[in-house]
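# Inside the fold
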Amino acid sequence: MFNAISHNVLQLPVSEKKTRYQSSSIFELASTFGLEDLHFKQDLATGLQAIVAIHNTSRGPALGGTRCMSYATESAAIVDVIRLAQGMSYKSAFAHMPYGGGKAVLIRPHQILNRDAYFESFGKFLNTLNGRFITAVDVGTGVDDMDRIAHCSPFVKCTSNHRGDPSGDTAKGVLNGIKAAIKVCLQHDDLHDVRIAIQGVGKVGTFLAELLHQEGAKLIVSDINHKSAEYCAQLFGAEIVSPEQIYSVHCDVFSPCALGGSLNANTMHLINARIICGSANNQLASISVGDSLHQKQIFLVPDYVVNVGGLIHIVIESNAEAQTKVSEIYDAVIDIYRRSQKNNIPSQRIANQMVEQILSQAKPHGNNPCYVRGLT
Ligand code: NAD
């Protein structure tokens, strides 16, 4: 299944039992997630430790963000990058984009001494993948970093010369998803006085808070960075609660906009909302958590259906066309809700079935070098 492993991390530590995946070998993980290949790069001079997961290129080159953050273990980083890459394949296929899915994780060192050299080193590494993976911003990276990569590599989007930060369009997509869910679940035509709890007010969460505030929603926010939460309190009248309290806030919509896995066995019983709709990738720790939420009659709007606005922003050059595509998220969410209700199947499973059908019809591209020509 792997096309390349260029590093010596061949077996995840057996002692790691934190999650089902972290006790699997890399090849077991690859099989479980249907991964094409996984690439590692270490550069001692800059402190770069990069992992690129290419999940599926049957619809086109793998497109996905570069995440730069610290991880408790290498295994946790590997599981994260693989799951995120799969999410990108599903996101792209669901939106009928001519791209596959991939992701990069940079295990953040204690200190990045020279950020230019660090990201330029990563850019040189991207070149060795010959365009099979194209990257963009994600958690822990910004437009400046994409500019740094662009000094050395053509395989990067979201630079200051090309479309910039996608977070505003991601937030607009989530807004459309929330509006659709409110319509079908609560029969509300607008967001006036609708209570929405946002977990994580970083780039997307803050844009979303602003849009929701403009629509008359009542906001409750939490962030481990208190300054971010404070900003939303001052500008949008948001109530601040602690990161622990946000799950059980009495609200109409719980909106996870921080990191993945926040919906898990410990938190799912705390949710006090009729709808879950946010930007975070891989919100569900496992598909069974989605099943439990469905049983509790909580409508989980699948993450990759509503957070596709950033991808649309990157891929579609015309702003007007991109906005039209982002607005289509509204109907997609209503469609998933109706299918879920009609067949009594959890919403995440409905979306996955739709995507897996699309992916099964795609022709394998493999290492087709035309990616290099087409996207530089
Ligand atoms: P970001 O890093 O700017 O924001 C994340 C915020 O979450 C930060 O402010 C951080 O302090 C906060 N946070 C982290 N852990 C938390 C916790 N336990 N409780 C509360 N807050 C916590 O990232 P972003 O670009 O806004 O992305 C947010 C999520 O949306 C990520 O999962 C990302 O993968 C996903 N996403 C982003 C985009 C985009 O366009 N930026 C597109 C698609 C998906």
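It should be emphasised that the depicted structure is a prediction, and the values quoted were computed from it without experimental measurement.

What counts, and where the lines are drawn
- Residues numbered from 1 in each chain as written.
- Predicted model: local features only at pLDDT ≥ 70, side-chain atom pairs only at ≥ 80, totals over all residues.
- Heavy atoms only, no water.
- Phe/Tyr/Trp six-rings, centres within 6.5 Å; stacked < 30°, edge-to-face > 60°.
- Helix = DSSP H or I, 4+ residues; strand = E, 2+ residues; numbered from the N terminus.
- Buried < 20%, exposed > 50% of the residue type's maximum accessible area, 1.4 Å probe, protein only.
- Pairing = 2+ DSSP bridges.
- Axes fitted to C-alpha atoms, helices over the stretch in contact; angles between N-to-C directions.
- Contact = heavy atoms within 4.5 Å.
- Salt bridge = Lys/Arg side-chain N within 4 Å of Asp/Glu carboxyl O.

### Describing the packing of aromatic side chains
The tally for this structure, following the rule as stated, stands at seven aromatic pairs. When the ring of Y90 is compared with that of Y304, the centres are 5.7 Å apart and the planes differ by 80°; the resulting orientation is edge-to-face. One end of the pair, Y90, is in helix 2 (residues 74-94); the other, Y304, is in helix 9 (residues 303-306), and 214 residues separate them in sequence. Relative accessible area serves as the criterion here: at 10%, Y90 is assigned to the buried category. Of the residues examined, Y304 reaches a relative accessible area of 5% and is grouped as buried.

### A closer look at the sheet that holds strand 5 (residues 133-137)
If you trace the five strands from one edge of the open sheet to the other, you get 1-2-4-3-5, paired in mixed fashion. Looking along the sheet, the strands with just one partner apiece sit at the ends: strand 1 (37-43) and strand 5. Mean inter-strand twist for the sheet, computed between neighbouring axes without regard to direction, equals 25°. Relative to strand 2 (residues 48-56), strand 1 runs antiparallel, the two being bridged by seven bridges. Across the sheet, residue D37 finds its bridge partner in strand 2, namely I54.

### Comments concerning the pairing of strand 5
The buried count for strand 5 comes to five of five residues, which makes it a mostly enclosed element. Pairing analysis gives five bridges linking strand 3 (residues 62-69) to strand 5, with the strands arranged parallel. Across the sheet, T66 pairs through a bridge with V137, a residue of strand 5.

### Digging into the pairing of strand 7 (residues 218-222)
Along strand 7, four of the five residues are buried, which leaves the element largely enclosed by surrounding structure. Looking at chain direction, strand 6 (residues 195-199) and strand 7 are connected through five bridges and run parallel. Its bridge partner lying in strand 7, I198 is registered against V221. Two strands pair when backbone bridges link them, and strand 7 and strand 8 (residues 239-240) are joined in this way by two bridges, in the parallel orientation.

### Description of the sheet that holds strand 11 (residues 299-300)
Within a sheet, neighbouring strands are paired by backbone hydrogen bonds and run either parallel or antiparallel to one another. Overall, parallel pairing links the six strands, which are arranged 8-7-6-9-10-11 in an open sheet. Each edge of the sheet is formed by a strand with only one pairing partner; in this case those strands are strand 8 and strand 11. On the sheet, helix 6 (residues 203-214) packs against strand 6, strand 7 and strand 9 (253-256) and is oriented at approximately 170° with respect to strand 6.

### Here we look at the pattern of salt bridges
All told, the structure shown has 15 salt bridges when counted by the stated rule. Across the pair K172 and D169 runs a salt bridge, and its minimum N-O distance is 3.7 Å. A residue pair is termed a helical-turn pair when its members lie 3 or 4 positions apart in one helix, as K172 and D169 do in helix 5 (residues 167-186) at three residues. A salt bridge links K183 to D189, with the shortest nitrogen-to-oxygen separation between them at 2.5 Å. When its relative accessible area of 33% is taken as the criterion, K183 is described as partly exposed.

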